[in-house]
There are 2 protein chains.
Amino acid sequence: MEKISAYVTEKAKSELKPYTYDGKVGDNDVLIKVSHCGVCQSDIHLVDGDWGDVYPCIAGHEIIGTVDRTGEKVKTVKIGDKVGVGWQCNSCNNCEYCENEEETFCKENQPTCVEHFGGFAQKVISNERFVIPIPETMDSAKTAPLLCAGITVYTPLKRYVKKGDKVAIIGIGGLGHLAIQFAKKMGCSVTAISRSKDKELESKEFGADNFITSEPKPDSFDLIINTTHISPDMNMYMASIKPKGTFVQVGISETSLDVDPGLLIGGNKSVAGSGIGSPKMIKEMIKFAQKNNVYAKVEVLPMSNINEALNKTRMNEARYRIVLENK
Amino acid sequence: MEKISAYVTEKAKSELKPYTYDGKVGDNDVLIKVSHCGVCQSDIHLVDGDWGDVYPCIAGHEIIGTVDRTGEKVKTVKIGDKVGVGWQCNSCNNCEYCENEEETFCKENQPTCVEHFGGFAQKVISNERFVIPIPETMDSAKTAPLLCAGITVYTPLKRYVKKGDKVAIIGIGGLGHLAIQFAKKMGCSVTAISRSKDKELESKEFGADNFITSEPKPDSFDLIINTTHISPDMNMYMASIKPKGTFVQVGISETSLDVDPGLLIGGNKSVAGSGIGSPKMIKEMIKFAQKNNVYAKVEVLPMSNINEALNKTRMNEARYRIVLENK
């Protein structure tokens, strides 16, 4: 057993408090000393009780750190290696999806911070399969958000776009500011859609070709990614998608998506969902990010300021991600 | 001008009556002597006023016939050739979609029987681009429904499935009985979903491996095609789709499609629409149908029995398509 110091949520919407637990490092597990952990909107949902009674909860799933100890069977990383862990930290290792390196679809997929203790801590435990090697040259704070926010937008971009496509990103926050960068570096023309006029300049610095706060023109985009939790005006957005194009929802919206079938049928359009990405995809993304200089724009706070960090994220004041650091 | 005898709908839900009009065969047009024309649910919508005031209307858009006359610039067919025409009979011939042989997406796409006179007639006029050569060896009556019902299901199958995939077809009617055959001949495992238990035996004759009248099991299908106009229980069907799978709506359903975003995001699933197919795709389908012996199961009635044919289609008594024949 390993004594691990962390910050716990004991009930919905309560302040996080210091907490120590005994973690078990199994034969295929890696104990990671957390250097940085991003604060994601999903952490807020967990902490605030939006996703049920998950307490005691140690949230945090955009983790960068170094390998502190390895289980007996671990082969792919060694003590001292710089590594990352995202939303998922285990799976059955046995089903068709695990065998095809599509572990996100495994029925026994284990989130890092639901019924498992996450990265708002000094250390975290993950199955080896979900421990991603991170190059030493990549800035840890700016890389941490790639492990969840980054892969969440990289996966649908990889699936749906090709060079020259027109892509719109709705919501320029933690996910959106990374989506702009990835899409631009994939060779797409990028439109940022936001309610916050004050994000125009930075959106363009991230690589957006256009910035709009109002209704997009019809037939404008091959792909729209909605990174927000706000229920989108589906009929407006579907009309703005070109034939054969796709609208991808990556955040659980407040209500169901209500789509006029005529708008889909006329142009052979699709509404899709996309969630995180497999370890294989994360590794590919990390290479792409290193090569193309894609990083999160972050505000770094000490891990002890965790309640302040959560409040700023709740208030939509993060520009564009708060990352907690263990000194 | 060409005097053309036809059956007209003069106002919504009225009986069709004999009618003669002057048709103009332009330089790029083909005048076709109609031998057969299928009766599609879309014809019922037009005739019954479901799609607005489109009168006088000569419906019919699953046409097989022979070339009777060609405009001066027509090069691809000659008098006497056996040909077919489907839902679309013209486009701008100039936009990116027309240039890419994706004419269905052309903004000026001209339906054969909306603001143009269709195939419930002795003759019909179509732009050359949309006149599809039909091999003499293919039975005309059984081939006519391929021009709309067939291509409507062939297009999404071609786009979304590969050999070995599990496909479900909702609604075993004019479209569904062709979808079963195409999917099976593409190497898929096919489940027919119908409210009519009495269609089980024939569904299996068409090639269905399974037939169900109740709720499908979760995680069963790579693709579901809903050929019905009945609003589907989206949450039930999305749960029955495997990760990365797609639900395709090909008929305009009565209400909007209401989708829980969580069901899409968890498995990277999609809801798509698909409408007809380009001339290029129709030509490919005709080859596939000839090679693999895919034909509609039809009941042939004389063109003069058109009102009886429409009534049987309205009453859902067609097994599986009524085709009108000019003697």
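Just above sits the structure.
Fair warning: this is a prediction, and the values are worked out from it, not measured in the lab. (Residues numbered from 1 in each chain as written. Chains lettered and ligands numbered in written order. Predicted model: local features only at pLDDT ≥ 70, side-chain atom pairs only at ≥ 80, totals over all residues. Heavy atoms only, no water.)

Caption draft 1: Inspection of the interface of chain A and chain B at higher detail. Facing the 36 residues of chain A at the interface are 36 residues of chain B. For the chain A face of the interface with chain B, the top three residues by lost area are A:Phe105, A:Ile265 and A:Asn268, together amounting to 21%. The tally of links from chain A across to chain B stands at four salt bridges. A:Lys107 is the partner of B:Asp219 in a salt bridge, and the nearest nitrogen-oxygen pair spans 2.3 Å. One can count 19 residue pairs in polar contact (both at pLDDT 80 or more) joining chain A with chain B. Elements with a minimum of two residues in the side of chain A that touches chain B: helix 4 (149-160), strand 14 (241-249), strand 15 (257-259), helix 8 (261-266) and strand 16 (270-273) of chain A. Per-element accounting of the side of chain A that touches chain B gives the leading share, five residues, to helix 8 of chain A. Alignment of strand 16 of chain A against strand 16 (residues 270-273) of chain B, held across three bridges, turns out to be antiparallel. For A:Val271, the partnering residue across the bridge sits in strand 16 of chain B and is B:Val271. (Contact = heavy atoms within 4.5 Å. Buried area = accessible area lost by both parts, 1.4 Å probe. Salt bridge = Lys/Arg side-chain N within 4 Å of Asp/Glu carboxyl O. Polar contact = N/O pair within 3.5 Å; in protein donor to acceptor, adjacent residues only side chain to side chain. Helix = DSSP H or I, 4+ residues; strand = E, 2+ residues; numbered from the N terminus. Pairing = 2+ DSSP bridges.)

Caption draft 2: Seen up close, the packing of helix 4 of chain A against helix 9 (residues 279-292) of chain A. All names here are of chain A. Contact geometry of helix 4 with helix 9 gives a least axis separation of 10 Å together with a crossing angle of 95°. The orientation of helix 4 relative to helix 9 falls into the category roughly perpendicular. The residues of helix 9 that touch helix 4, namely those facing Gly150, Ile151, Tyr154, Thr155 and Lys158, are Met281, Ile282, Glu284, Met285 and Phe288. (Axes fitted to C-alpha atoms, helices over the stretch in contact; angles between N-to-C directions. Parallel < 35°, antiparallel > 145°, perpendicular 65-115°, else oblique.)

Caption draft 3: View of the side chain of B:Asn226. Residues and elements named next belong to chain B. With respect to the helices and strands, the residue Asn226 is situated in strand 13 (residues 221-226). At 2.9 Å, the side chain of Asn226 forms a polar contact with the side chain of Gln249. Ignoring any residue separated from it by four or fewer positions in sequence, one finds Asn226 in contact with Ile170, Pro232, Phe247, Val248, Gln249, Val250 and Gly251.

Caption draft 4: Examining the sheet that holds strand 13 of chain B more closely. Strand order across the open sheet formed by twelve strands is 12(A)-11(A)-10(A)-13(A)-14(A)-16(A)-16(B)-14(B)-13(B)-10(B)-11(B)-12(B), with mixed pairing between neighbours. Looking at which strands have only one partner, the edges of the open sheet turn out to be strand 12 (210-212) of chain A together with strand 12 (210-212) of chain B. For this sheet, the mean angle separating the axes of adjacent strands, direction not counted, is 20°. Pairing of strand 13 of chain B with strand 14 (residues 241-249) of chain B, which is carried by five bridges, proceeds in the parallel orientation. The residue of strand 14 of chain B that forms the bridge with B:Ile224 is B:Phe247. Running at roughly 165° to strand 13 (residues 221-226) of chain A, helix 4 of chain A makes contact with strand 10 (166-170), strand 13, strand 14 and strand 16 of chain A together with strand 14 and strand 16 of chain B of the sheet.

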